[in-house]
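Fold and geometry: a report
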Amino acid sequence: AEVVAERLAELLEVDVGLVETPFIERFLPGQFTFERHAGPLRRFSMIAYLNEVPVGCEDGVTDFKHATFQFRPDLQGAALIFSNLSAADGKADHRLRQTEMPIAEVTRYHL
């Protein structure tokens with residue numbers, strides 16, 4: 001966990017003390033999250049996809065529907081890093097509420 005936090009701090013050019021301890025989320029087949037946002041106290045969020053979405057599977061995207069953006073993790077180890085704050089005023093950007101769409105066939109893991 002420390003190595004991940006150190007590398008993320010380096011990428012974001014922030015002090016490692018500002019990076020929370022990473023944790024793993026497990027989504028069983030059919031499970032999902034609905035429109036969550038990390039809040040105004042977290043400047044950035046990162047999701048690392050620890051397994052790949054099966055070929056031909058249309059499910060399993062990370063959906064930012066209020067920002068009209070979807071991310072499909074086709075490669076194991078793909079990561080998505082995004083700001084939770086608006087560039088205009090530095091306040092929470094609620095367009096970045098994300099939903100983890102379900103996958104029927106597999107259990108997936110995120111860091």
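Refer to the structure above for everything that follows.
I will try to describe carefully the structure that is included in this document. (Residues numbered from 1 in each chain as written. Predicted model: local features only at pLDDT ≥ 70, side-chain atom pairs only at ≥ 80, totals over all residues. Heavy atoms only, no water.)

As for the overall build of the protein chain
Per the secondary structure count, the protein chain includes 1 helix and 7 strands. Starting at the N terminus, the α and β elements of the protein chain follow one another as α-β-β-β-β-β-β-β. Its C-alpha atoms give the protein chain a radius of gyration of 14 Å, near enough to 13 Å, the size a compact globule of 111 residues would have. By the burial criterion, 33% of the 111 residues in the protein chain qualify as buried. Across the protein chain, contacts joining residues at least 24 apart in sequence account for 70% of those joining residues at least 6 apart. Carbon and sulfur atoms make up 55% of the accessible area of the protein chain, which totals about 7200 Å². Across the protein chain, the centroid of the 11 positively charged side chains sits 6 Å from that of the 17 negatively charged ones. (Helix = DSSP H or I, 4+ residues; strand = E, 2+ residues; numbered from the N terminus. Rg over C-alpha atoms; globule rule 2.2 N^0.38 Å. Buried < 20%, exposed > 50% of the residue type's maximum accessible area, 1.4 Å probe, protein only. Contact = heavy atoms within 4.5 Å. Areas by Shrake-Rupley, 256 points an atom, 1.4 Å probe, with all protein chains shown as cover. Lys, Arg positive; Asp, Glu negative; His and termini not counted. Charge placed at Lys NZ, Arg CZ, Asp CG, Glu CD.)

Structural notes on the packing of aromatic side chains
Evaluation of the coordinates by the stated rule reveals 3 aromatic pairs. Put simply, the rings of Phe64, Phe69 and Phe82 touch in pairs and so form one group of aromatic residues. The side chain of Arg108 reaches across the aromatic face of Phe27, ending 4.9 Å from its centre. (Phe/Tyr/Trp six-rings, centres within 6.5 Å; stacked < 30°, edge-to-face > 60°. Lys NZ or Arg CZ within 6 Å of the ring centre and 35° of its normal.)

Topic: the pattern of salt bridges
For the coordinates displayed, the defined rule picks out 7 salt bridges. A salt bridge links Arg7 to Glu10, with the shortest nitrogen-to-oxygen separation between them at 3.0 Å. Of this pair, Arg7 and Glu10 both sit in helix α1 (residues 2–12), 3 residues apart, which is roughly one turn of that helix. A relative accessible area of 44% means that Arg7 is categorised as partly exposed. Note that Asp93 is salt-bridged to Arg95, the shortest N-O span being 2.7 Å. (Salt bridge = Lys/Arg side-chain N within 4 Å of Asp/Glu carboxyl O.)

Describing unusual backbone geometry
Phi at Glu13 is positive, roughly 55°, even though this residue is not glycine. Take Glu13: it is sitting in the loop between α1 and β1 (25–27). Overall, the relative accessible area of 73% leaves Glu13 in the exposed class. Backbone geometry at Thr68 places phi at a positive 50°, although glycine is not the residue there. Inspection of the secondary structure assignment puts Thr68 in the loop between β3 (62–64) and β4 (69–71).

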